[in-house]
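Residue-level listing of the chains:
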Amino acid sequence: MRKGPHPAAFFFLILPYGGSFGFVSVALPYIATARGIAPSEVGAVVALAYLPHAWKFLWAPLVDATLTRKGWYLAGLALVVAGTFAQAAMPITREGLGALSAVVVASQLGLTIVRMALEGLIALGVPDDEKGKAAGWSEAGAQVGLGVGGGAALALSERLPRGWQVGLVMSAVMVVSALALARVPTPPEGLARGAAREGAIGGRARAQLVAILRDVWSVASTRAGLLGLLVALLPVGAGAASNLWSAVSRDWGVSADTVALVTGALGGLAGAGGAMAGGWLADRLNRRVAYALCGAATALTALAMAAAPRAPAAYVAFTLAYSFLGGAAYACFAAFVLECIGLGAVATKYNVFASLSNLAISYTTRLDAGAHERFGSGGMLVVDAGLTLGGVALLLALVALTRPPRAVAAPPPGA
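Remember, predicted model here, so these are calculated numbers, not experimental data.

J.: So what about the packing of helix H6 (residues 69-89) against helix H9 (residues 163-177)? Which residues, and what values?
T.: Here H6 crosses H9 at 160°, and the two axes come no closer than 7 Å. By the criterion of interaxial angle, the relationship of H6 to H9 is roughly antiparallel. Here H6 runs over H9; the crossing is right-handed. Judged by residue contacts, Leu77, Val80, Val81, Thr84, Phe85, Ala88 and Ala89 of H6 engage Gly163, Trp164, Val166, Gly167, Leu168, Met170, Ser171, Met174 and Val175 from H9.

Next comes the structure, spelled out in structure tokens:
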């Protein structure tokens, strides 16, 4: 008899996470550039979308200390659904980019809450012998949601006459996906304690924050932990060019349907396959080296795309290869972080590393967008590769500098 929720439930529960960001990173850039907005301006909006993910560790204690995990999931989902509907319904114009950016950030704030709630449900409610399966189903759902959600939003935008209709369809799918929450029990540890007493929630949140800061410091004060934090800030596995694939697709003569398919469903499947391959590699090599290898392969793919002819077939092949290798790099990074953080407040410490990683994606996306404005699509790919290879070089240098000294063998007796 099953003791916890079926791991497949988390595949459906995470779909809104991927679908909402898929709209921001795939459909929105294509629609905006089709209306004459420069890729650099669109890239700035996409980069802003990463900021809540970069700072989410700040409100993680609140999620841990109040409400239930299900309650926080539903609260985050409400923000995601409302934000996705508003993004699709708003007129996408240069003058409206400020308001659109605010809605995007609010929606992404909801996504961070959804993700943290699911992390808690898996950590506290899934038996130990099924946690790996639950995490695997969750990551697969995020990858498929990102790909299919973005591609579907773009396809719907090309076929439906009104943006609000696109938003309504996307929002309805997210709500239906969340019905799987009924199959997941609420862990006792997820309940707010002492909520009826005035100030109890605030005091618990403050105590939780202090405990988290101590636990984070216990990691950051070690050589391995400090190295991990620095690595998270490097653009080794950022894969930032993928945020601009739809915005630059016209340079390769690619149709909207092809962009929707390649950056959508096929891209999601490629990323999921890459994540599985990266996890296999991370268990067989030094995880820092595996992460560096995957990042370097991503950079070489960008350079090859820059040198190849501007043809639809090249666009399809290279963007799928980039997605596959980006998924592999993400899996290696996750394995490396899990190695660094050890036990204790695992989910919260992981979010600290993930926040720094999202900050790296944000600034790399901005730099890529600026490079496109100055140097075109080819220059953007070269700059993206250069940033990645620079991060790889710094990673390998940090590994070499922090390597423990090799022990010197004692001389034999009588020597």
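From this point, the discussion proceeds with the structure in view.
J.: I'd like a rundown of the layout of surface pockets, residues and numbers included.
T.: Taken as a whole, the second largest pocket holds about 260 Å³ of empty space. Lining the second largest pocket are 17 residues, and of these Ile31, Arg35, Ile92, Ser157 and Gly163 lie nearest its centre. Of all elements in the fold, only helix H2 (15-34), H6, helix H8 (131-159) and H9 reach the threshold of two or more residues within the lining of the second largest pocket. Partitioning the lining of the second largest pocket into residue classes produces 11 nonpolar, three polar and three charged.

J.: Describe the environment of Asn351, and please don't skip the residues or the numbers.
T.: With respect to the secondary-structure elements, Asn351 resides in helix H16 (residues 346-401). When its relative accessible area of 2% is taken as the criterion, Asn351 is described as buried. Each C-alpha atom, one on Asn351 and one on Met116, is 8.5 Å from the other, the two residues being 235 residues apart in sequence. In this structure, Asn351 is in contact with Lys56, Phe57, Met116 and Glu119, ignoring residues within four places of it in sequence.

J.: Provide a residue-level description of the nonpolar core, including the pertinent values.
T.: Residues Phe10, Leu13, Tyr73, Leu118, Trp245 and Leu381 are the most contacted members of the largest nonpolar core, which totals 75 residues. When residues of this core are assigned to their parent elements, the largest contribution, 11 residues, is made by helix H7 (residues 97-125). Discounting residues that sit within four places of it in the chain, Leu118 has contacts with Phe10, Leu13, Ile14 and Tyr73. Listed in part, the 29 residues of the second largest apolar core include Cys294, Cys332, Ala335 and Ala354.

J.: I'd love a proper account of the packing of aromatic side chains, names of residues and values included.
T.: Summed over all chains, the structure comprises four aromatic pairs. Between Trp252 and Tyr315, the aromatic rings sit 6.0 Å apart at their centres with planes inclined by 50°, giving tilted as the arrangement. Here Trp252 is found in the loop between helix H12 (245-248) and helix H13 (256-282), whereas its partner Tyr315 is found in helix H15 (residues 312-341), with 63 residues between them in sequence. The exposure classification of Trp252 matches that of Tyr315, with both residues buried. Centroid distance Tyr291 to Phe333: 5.5 Å. Interplanar angle 45°. Geometry classified as tilted. With Tyr291 in helix H14 (residues 287-307) and Phe333 in helix H15, this residue pair connects regions lying 42 residues apart in the sequence. The exposure class assigned to Phe333 is buried, which follows from its relative accessible area of 5%. Its guanidinium or amino end placed over the ring of Tyr30, Arg250 lies 4.4 Å from that ring's centre, counting from NZ or CZ.

J.: Any details on the pattern of salt bridges? Residues and values, ideally.
T.: By the definition in use, this model includes two salt bridges. Between Glu41 and Arg94 there is a salt bridge; the shortest N-O distance is 3.1 Å. With Glu41 in helix H3 (residues 39-49) and Arg94 in the loop between H6 and H7, this residue pair connects regions lying 53 residues apart in the sequence. Overall, the relative accessible area of 42% leaves Arg94 in the partly exposed class. Between Asp257 and Arg159 there is a salt bridge, with its nearest N and O atoms 3.2 Å apart. On the criterion of sequence distance, the pair formed by Asp257 in helix H13 and Arg159 in helix H8 is long-range, its members being 98 residues apart. Given a relative accessible area of 43%, Asp257 falls into the partly exposed group.

J.: Mind laying out H2, listing which residues take part and the relevant values?
T.: Every α-helix carries 3.6 residues per turn, so stepping three or four residues along brings you back to the same face. With 20 residues, H2 extends 27 Å from end C-alpha to end C-alpha; this agrees with the ideal 28 Å at 1.5 Å per step. Largest kink in H2: about 35°, centred on Leu28, with the proline Pro29 one to four residues after it. For H2, a buried count of 19 out of 20 residues is recorded, marking the element as mostly surrounded by other parts of the structure. Following H2 by one or two positions, Gly36 has its phi on the positive side, about 90°.

J.: Tell me what's going on with the side chain of Thr364, and back it up with residues and numbers.
T.: Here Thr364 is to be found in helix H16. At 2.6 Å, the side chain of Thr364 and the backbone oxygen of Ala360 are in polar contact. Sequence-distant contacts of Thr364, defined by excluding residues within four places in its chain, comprise Pro235, Ala238, Ala240, Asp384 and Leu387.

Procedures and definitions
- Residues numbered from 1 in each chain as written.
- Predicted model: local features only at pLDDT ≥ 70, side-chain atom pairs only at ≥ 80, totals over all residues.
- Heavy atoms only, no water.
- Axes fitted to C-alpha atoms, helices over the stretch in contact; angles between N-to-C directions.
- Helix = DSSP H or I, 4+ residues; strand = E, 2+ residues; numbered from the N terminus.
- Parallel < 35°, antiparallel > 145°, perpendicular 65-115°, else oblique.
- Left-handed = near helix turned anticlockwise from the far one by under 90°.
- Contact = heavy atoms within 4.5 Å.
- 1 Å grid on protein atoms, 1.4 Å probe; cavity = no way out; pocket = protein on both sides within 12 Å on 5 of 7 lines; lining within 4 Å.
- Points joined across faces, edges and corners; volume = space filled by probe spheres on them.
- Nonpolar A, V, L, I, M, F, W, Y, C, P; charged D, E, K, R; others polar.
- Buried < 20%, exposed > 50% of the residue type's maximum accessible area, 1.4 Å probe, protein only.
- Core = buried A, V, L, I, M, F, W, Y, C linked by side-chain atoms within 4.5 Å.
- Phe/Tyr/Trp six-rings, centres within 6.5 Å; stacked < 30°, edge-to-face > 60°.
- Lys NZ or Arg CZ within 6 Å of the ring centre and 35° of its normal.
- Salt bridge = Lys/Arg side-chain N within 4 Å of Asp/Glu carboxyl O.
- Expected span 1.5 Å × (residues − 1).
- Bend = angle between axes of the 7 residues up to and from the residue.
- Polar contact = N/O pair within 3.5 Å; in protein donor to acceptor, adjacent residues only side chain to side chain.

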